[in-house]
Amino acid sequence: MDGERRRVPVVMHVRCAERLPDELYRLVLEQLGELSPVVQALPPTAALVDLRGALRYHAATAAHLADVLRLRTVSRYGIDVRVGIGPTITVATTASAQVPHPGGVLAIEPADAADWLALLPVEDLHGIGPRHAATLKRYGIDRVGLLAALPSATVQRMLGGKTGRMAVDRARGIDPRTVTPRLQPASATVRHRFPRDVHDGAAARAALLGLVVQLGAELRGRGQAARALTLTLSFAGGPTWEKTRRLTGPSAHEDDLRLLAYQLMDAAGLQRGRLTGLALRGEDLVDAGLVAEQLSLDAARQARLVTESAADRIREKFGPGAIGPAATYRPAS
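Along every chain, residues carry numbers that run from 1 in the direction the sequence is written. Residues qualify for local features only when their pLDDT is at least 70, as the model is predicted, and side-chain atom pairs are given and counted only at 80 or more; totals for whole chains, interfaces and linings, by contrast, use all residues. In computing side-chain properties, one takes all heavy atoms of the structure into account and sets aside hydrogens as well as water.

**Quick notes on the overall build of the protein chain**
Next, step 1: Along its length, the protein chain carries 13 helices and 10 strands.
Next, step 2: Overall, the C-alpha framework of the protein chain stretches about 70 × 50 × 40 Å when taken along its three principal axes.
Next, step 3: Here the protein chain holds 333 residues, and 42% of them are scored as buried.
Next, step 4: Here the open area of atoms and residues is found with the Shrake-Rupley method and a 1.4 Å probe, where only the protein chains shown may cover a residue. About 18100 Å² of surface is accessible on the protein chain, with carbon and sulfur atoms providing 53% of the total. Strands here mean DSSP runs of E at least two residues long; helices mean DSSP runs of H or I at least four residues long; both are numbered from the N terminus. With a 1.4 Å probe rolled over the protein chains alone, any residue whose accessible area is under 20% of its type maximum counts as buried; one over 50% counts as exposed, and the rest are partly exposed.

Below is the structure:
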């Protein structure tokens, strides 16, 4: 019996407050790393933890470890968290969403998972979005238990093949996914909001250059490199435009980020649109220590990299706005 219990996965899902600053989010991840070596960051404010080995190591229950986490984050950083615990990622993530703000713990035993899920509104099941929930409700399926009782083929006709299969499996508590160790966030986002609508292409490009510098410095400070960039443009009246492109190789250098960011801006084909804001996101981040640095015969690039390193040291000493490209600074008026 004890052997069976040890083989049952124990997953913890942690939700921090919305809009938590990146530096505080990383501190929470560090606290999770003290509980278990298997931590998967889910930026911007959540994380998964595999507790199987941690339970034996700490000789404690999952709920006790969750209480320890809350005590540490509140006492050390003034941050409370919502924690869900269950036998699968779906159960744990669904449970954490049921914990009221600002924080608490909800632990679901494996034997109770199916019955607990069955009573929930269908929209509360992790993986069921508002549109799919609305479709299911049109057929009278308003509880997870009703969804679990349906044949998979029936739900596939309602929601589509892959989505339908996933919905039924998760309603039944079936989720083969495992926690993938990743302590560092898998993305990093920087934003710029214009004080007034912008038509000027030069002003928009200067703001984008500022975001490139900011993102590059953040990635280098974390010891990470991006494999892809996503540019999001916000326009007056509400619409947005977003596009993602991959870098030729993982990088956190401004040279590489700037080139791709400008290509993304050019792809937007801006003409008469009134921009209200920009967001630049580094995606699919990797440990910079694992990125192979190729020798370059480009003397100009090498000089820029040396300048970049010097600028990082200046920012570290005097603050992030102490130095940067001339185009990012507003002219005196």
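**Focus on the sheet that holds strand β4 (residues 82–86)**
Next, step 1: Within the open sheet, the 5 strands sit side by side as β2-β3-β1-β4-β5. Their pairing is mixed. With partners counted over all chains shown, the strands left at the sheet margins are β2 (39–42) and β5 (104–107), one partner each. Neighbour to neighbour, the strand axes of the sheet diverge by 15 degrees on average, direction disregarded.
Next, step 2: Relative to strand β3 (residues 46–50), β2 is paired through 4 bridges, and the arrangement is antiparallel. Considered in β3, the bridge of Ala 41 is made with Ala 47. Note on pairing: DSSP must find at least two bridges between two strands before they are called paired. Lines fitted to C-alpha atoms define the axes here, with helix axes fitted over just the stretch in contact, and angles between the N-to-C directions of these axes take values from 0 to 180 degrees.

**Focus on the pattern of salt bridges**
Opposite charge on two side chains makes pairing possible when the charged atoms of those side chains draw close.
Next, step 1: Salt bridges are counted wherever a side-chain nitrogen of Lys or Arg sits within 4 Å of a carboxyl oxygen of Asp or Glu. Under the definition given, this model contains 14 salt bridges.
Next, step 2: Arg 274 is the partner of Asp 197 in a salt bridge, and the nearest nitrogen-oxygen pair spans 2.9 Å. Here Arg 274 lies in the loop between α12 (254–268) and β9 (275–283) and Asp 197 lies in strand β6 (residues 188–198), a separation of 77 residues in the sequence.
Next, step 3: Its relative accessible area of 35% is what places Asp 197 among the partly exposed residues.

**Points about the packing of helix α11 (residues 201–222) against helix α13 (residues 299–318)**
Next, step 1: In contact at an axis separation of 11 Å, α11 and α13 are set at 80 degrees when each is read in the N-to-C sense. In terms of their interaxial angle, α11 and α13 are classed as roughly perpendicular. Contact residues: α11 offers Val 213, Ala 217 and Arg 220, while α13 offers Glu 308, Asp 312 and Arg 315.
Next, step 2: Each residue gets one label: Ala, Val, Leu, Ile, Met, Phe, Trp, Tyr, Cys and Pro are nonpolar, Asp, Glu, Lys and Arg are charged, and the others, such as Gly, are polar. Residue composition of the contact of α11 with α13, by class: 2 nonpolar, no polar and 4 charged. Working definition: roughly parallel below 35 degrees, roughly antiparallel above 145 degrees, roughly perpendicular at 65 to 115 degrees, and oblique for all remaining angles. Residues count as neighbours in contact if any of their non-hydrogen atoms are within 4.5 Å of one another.

**Observations regarding a nonpolar patch on the surface**
Next, step 1: To count toward a patch, a residue needs a relative accessible area above 30% and no salt bridge. Like charges then connect within 9 Å, nonpolar side chains (Val, Leu, Ile, Met, Phe, Trp, Tyr) within 5 Å. Taken together, the side chains of Ile 314, Phe 318 and Ile 323 present a nonpolar region at the surface, about 260 Å² in accessible area.
Next, step 2: Secondary-structure assignment places Phe 318 in helix α13.

**Examining the environment of Ala 202**
Next, step 1: Inspection of the secondary structure assignment puts Ala 202 in helix α11.
Next, step 2: C-alpha separation for the pair Ala 202 and Arg 222, spaced 20 residues apart in sequence, amounts to 30 Å.

**Examining the side chain of Thr 232**
Next, step 1: By the element assignment, Thr 232 lies in strand β7 (residues 224–235).
Next, step 2: Owing to a relative accessible area of 13%, Thr 232 belongs among the buried residues under this scheme.
Next, step 3: Every residue in contact with Thr 232, bar those within four places of it in the chain, is listed here: Thr 240, Trp 241, Glu 242, Gly 277, Leu 278 and Ala 279.

**Observations concerning the environment of Phe 235**
Next, step 1: When you line up the elements, Phe 235 lands in strand β7.
Next, step 2: Residue class for Phe 235 comes out buried when judged on its relative accessible area of 18%.
Next, step 3: Each C-alpha atom, one on Phe 235 and one on Arg 170, is 38 Å from the other, the two residues being 65 residues apart in sequence.
Next, step 4: In contact with Phe 235, other than residues within four places in its own chain, are Thr 240, Trp 241, Leu 270, Gly 273, Arg 274, Leu 275 and Thr 276.

**Notes on the pairing of β5**
Next, step 1: Of the strand pairs in this sheet, β4 and β5 are connected by 4 bridges, and their pairing is parallel. Looking at the pairing, Gly 84 lines up with Leu 106 of β5.
Next, step 2: Taken together, β4, helix α5 (residues 89–98) and β5 constitute a β-α-β crossover, and its handedness is left-handed. Consider the strands pointing away from the viewer: the crossover is right-handed when the path from the first strand over the helix to the second runs clockwise.

**Details of the nonpolar core**
Next, step 1: Each nonpolar core is a collection of buried residues, namely Ala, Val, Leu, Ile, Met, Phe, Trp, Tyr and Cys, held together in the definition by side-chain atoms within 4.5 Å. By size, the foremost hydrophobic cluster in this structure holds 28 residues, and its most contacted members are Leu 219, Leu 229, Leu 233, Leu 275, Leu 278 and Leu 280.
Next, step 2: For this core, the secondary-structure elements that each account for two or more residues are β6, α11, β7, α12 and β9.
Next, step 3: With 7 residues, the top contributor of residues to this core is α11.
Next, step 4: Grouped together as the second largest cluster of nonpolar side chains are 26 residues, Tyr 25, Leu 29, Ala 47 and Ala 60 included.

**A word on unusual backbone geometry**
Next, step 1: Looking along the chain, the bond that leaves His 101 and enters Pro 102 is cis, with omega of 5 degrees.
Next, step 2: Within the secondary structure, Pro 102 is located in the loop between α5 and β5.
Next, step 3: Not every positive phi belongs to a glycine, and Ala 59 is a case in point at roughly 50 degrees.
Next, step 4: With respect to the element layout, Ala 59 can be found in the loop between α3 (52–58) and α4 (62–77).
Next, step 5: Despite not being glycine, Asp 284 shows a phi value in the positive range, around 50 degrees.
Next, step 6: Along the chain, Asp 284 turns up in the loop between β9 and β10 (286–287).

**A closer look at helix α2 (residues 22–35)**
Next, step 1: Expected helix span is given by 1.5 Å per residue-to-residue step, counting one fewer step than there are residues. Over its 14 residues, α2 extends 20 Å from the first C-alpha to the last, a length consistent with the 20 Å expected when each residue adds 1.5 Å.
Next, step 2: Burial in α2 covers these residues: Tyr 25, Val 28, Leu 29, Gln 31, Leu 32 and Leu 35. What you see down the axis of α2 is that its buried residues fit within an arc of 155 degrees, all on one side. Here, the arc refers to the directions that run from the helix axis to the C-beta atoms.

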